[in-house]
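# Descriptive structure summary
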Number of protein chains: 2
Amino acid sequence: MELRIPKAVFDRLPRYYRYLGDLMDLGINRTSSYDLAERMSYSATLIRHDMSTLGDFGRLGYGYDVPYLHTKISEILGINRCHNIIVIGSGNLGHAIVNHSNFAQYGFVMKGMFDVDPRLIGMVIRGIEIQPLDRLETFIQEQDIQIAAVTIPKNKADNLVDRLVRAGIKGIWNFSHLEVNVPENVVVEDVHLSESLMKLLYQMNHR
Amino acid sequence: MELRIPKAVFDRLPRYYRYLGDLMDLGINRTSSYDLAERMSYSATLIRHDMSTLGDFGRLGYGYDVPYLHTKISEILGINRCHNIIVIGSGNLGHAIVNHSNFAQYGFVMKGMFDVDPRLIGMVIRGIEIQPLDRLETFIQEQDIQIAAVTIPKNKADNLVDRLVRAGIKGIWNFSHLEVNVPENVVVEDVHLSESLMKLLYQMNHR
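Report on the accompanying structure.

What counts, and at which threshold
- Residues numbered from 1 in each chain as written.
- Chains lettered and ligands numbered in written order.
- Predicted model: local features only at pLDDT ≥ 70, side-chain atom pairs only at ≥ 80, totals over all residues.
- Heavy atoms only, no water.
- Contact = heavy atoms within 4.5 Å.
- Buried area = accessible area lost by both parts, 1.4 Å probe.
- Salt bridge = Lys/Arg side-chain N within 4 Å of Asp/Glu carboxyl O.
- Pairing = 2+ DSSP bridges.
- Helix = DSSP H or I, 4+ residues; strand = E, 2+ residues; numbered from the N terminus.
- Axes fitted to C-alpha atoms, helices over the stretch in contact; angles between N-to-C directions.
- Buried < 20%, exposed > 50% of the residue type's maximum accessible area, 1.4 Å probe, protein only.
- Arc of directions from axis to C-beta.

A word on the interface of chain A and chain B. Counting from both sides, the interface comprises 60 residues of chain A and, opposite them, 60 residues of chain B. Carbon and sulfur atoms supply 64% of the area that chain A and chain B bury against each other, a total of about 5,400 Å² over both sides. Taken as a group, A:Leu197, A:Met198 and A:Tyr202 account for 13% of the area that chain A buries against chain B, more than any other trio of residues on that side. At the surface where chain A touches chain B, the tally comes to four salt bridges. With a closest N to O distance of 3.8 Å, B:Lys199 and A:Asp11 form a salt bridge.

This brings us to the sheet that holds strand β3 (residues 83-88) of chain A. Residue and element names in this part refer to chain A. If you trace the seven strands from one edge of the open sheet to the other, you get β5-β6-β4-β3-β7-β8-β9, paired in mixed fashion. In the strand order of this sheet, the two ends are held by β5 (124-125) and β9 (187-190), each with one partner. As defined by bridge partners, β3 adjoins strand β7 (residues 147-150) across four bridges and the pair is classed as parallel. Within β7, the residue paired with Ile88 across the bridge is Val150. Here helix α5 (residues 92-99) sits on the sheet in contact with β3, β4 (108-115), β5, β6 (128-132), β7 and β8 (171-174), set at roughly 155° to β4.

Another aspect to go through is helix α2 (residues 33-40) of chain A. Residues and elements named next belong to chain A. Those residues of α2 lying buried are Ser33, Leu36, Ala37 and Met40. Buried residues of α2 fall within an arc of 105° about the axis and therefore sit on the same side. The outward face of α2, more than 90 degrees from its buried face, is lined by the exposed residues Tyr34 and Glu38. Buried residues in α2 make contact with α1 (7-25), β1 (30-31), α3 (44-54) and β2 (64-65). Note on α2: the residue one or two positions beyond its end, Ser41, has a positive phi of about 55°.

This is how it looks when you write it as structure tokens:
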């Protein structure tokens, strides 16, 4: 049976996952909504509510089994399996993504990096060689790549999205200002840094 | 009078601002909800709704005055003035932020960069020298810094947030996994890349 998890709860799951992992690192295998509330600055009521939407994980007088809950959340998030990623664009942002140490622990495997600048082709970053864009389709198919992180500027990315989709990419992690039109079976998650900074500013001005 | 803008509308404002800027670059000074709808893949109805919440900017039979609307949105977003930023952490992500060419056009001025690694102190990136953390407070006060982008790992950031707040920072742009407890007059905007990637994955699995 498919769980239907409210979006607000889902948005908190990565944070639960992270805290439960921290507890396991400390050798703590059992916790309560009160203990989690203390650590996470959530209310115990909210935590019990969230957990109840995931299934009935707590037991009265016992609390939550940390490794069990950790595994369950990883299954819901889909991070109990591996997912292959390529990064398009080898600028600072591309480097930051390839070097991001946390992704591996969530099952995200950096497989390749592509750029349009011929001077960068052949350079190796964390064991990953920068390849030219004309090898994109072959690589995606041979290496079973599901996700592409797009970090190159809008004006350098002619037809890029269409090529990714045709080659079989199912998820586009979009750091550029590309307007991404994709078929229904492909998902786009936008990360617009300037928009995030504008949100911060707006909140500062309206406090 | 303070406008009360619904969050959903506000979240679209940076995108309107960007499209209106593109129109101005093309020398187009007049547009309509239908024209914008075509370009932005929004519905004309949504655009008219959004504009009406900002005030009455359109005129029947004329449409929208592009430069006027562009200016109005910049005022609402607060980007018609300059805001000084420092970046804590000079890794790839810190570099990506300092090198991000779009921020300047929104009035965000990169003023300084700080790191804990003594080997990096004194290096210059885009004219900005990397400084040691013990100069943080002085620099914030002397240079009138309002915003700090925090990109260093959680375990390297002892007391960092408290120090930023005490020194007068009003907005924290948080790329680390720091749990940020700040007084009411300070705003935090979190950018958790691994959470964004998990959201993408979840949507891929539930299409």
